[in-house]
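Now for the letters of each chain:
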Amino acid sequence: MKRKHKQMIIIWVGLLAGILLFRGGWMTYAGLGIFLLDLGLVWLLLRCPHCGKPVRELRPDKTCPYCGKKVE
Ligand SMILES: [Zn+2]
């Protein structure tokens, strides 16, 4: 799976969490759960394959800001 696709999944899951939080009631708790899941996805999907750190934003030349190696 490409990094762009992974980012799209994370954005959509985040949006879903936001919608549920906004609706209130018991859905607030569901929204919080999904929000935490989203954070987990960020950690799981957007890690640098070289140093293993979670990388939300790459440098403009698509290298990891921690180890400087090319990620894509
Ligand atoms: Zn790295």
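Residues numbered from 1 in each chain as written. Predicted model: local features only at pLDDT ≥ 70, side-chain atom pairs only at ≥ 80, totals over all residues.

An unreviewed UniProt entry annotates the protein as Zinc-ribbon domain-containing protein of Oscillibacter valericigenes.

## Observations concerning the packing of helix α1 (residues 3-23) against helix α2 (residues 27-45)
A pair of packed helices is captured by two measures, namely the crossing angle of their axes and the spacing between those axes. Convention followed: Think of each axis as a best-fit line through the C-alpha atoms, taken over the contacting stretch in the case of a helix, with angles from 0 to 180 degrees between the N-to-C directions. In DSSP terms, a helix is any run of H or I states spanning at least four residues, a strand is any run of E spanning at least two, and both are numbered starting from the N terminus. These descriptions rest on fixed angle ranges, namely under 35 degrees for roughly parallel, over 145 for roughly antiparallel, 65 to 115 for roughly perpendicular, and the rest for oblique. Crossings are assigned a handedness: left-handed for a near helix turned anticlockwise from the far helix by less than a right angle, right-handed for a clockwise turn. Once C-beta atoms are placed from the backbone, any two residues with those atoms within 7 Å are in contact. Residues were grouped as follows: Ala, Val, Leu, Ile, Met, Phe, Trp, Tyr, Cys and Pro as nonpolar; Asp, Glu, Lys and Arg as charged; and all remaining residues, including Gly, as polar.
Packing of α1 against α2 leaves a shortest axis separation of 7 Å and a crossing angle of 165°. With respect to their mutual orientation, α1 and α2 come out roughly antiparallel. As α1 packs across α2, the resulting crossing turns out to be left-handed. Residues K6, I9, I10, V13, G14, L16, A17, L20, L21 and R23 of α1 form the contact with α2, whose own contacting residues are M27, T28, A30, G31, I34, F35, L37, D38, L41, V42 and L45. Of the residues belonging to the contact of α1 with α2, the class tally is 15 nonpolar, three polar and three charged.

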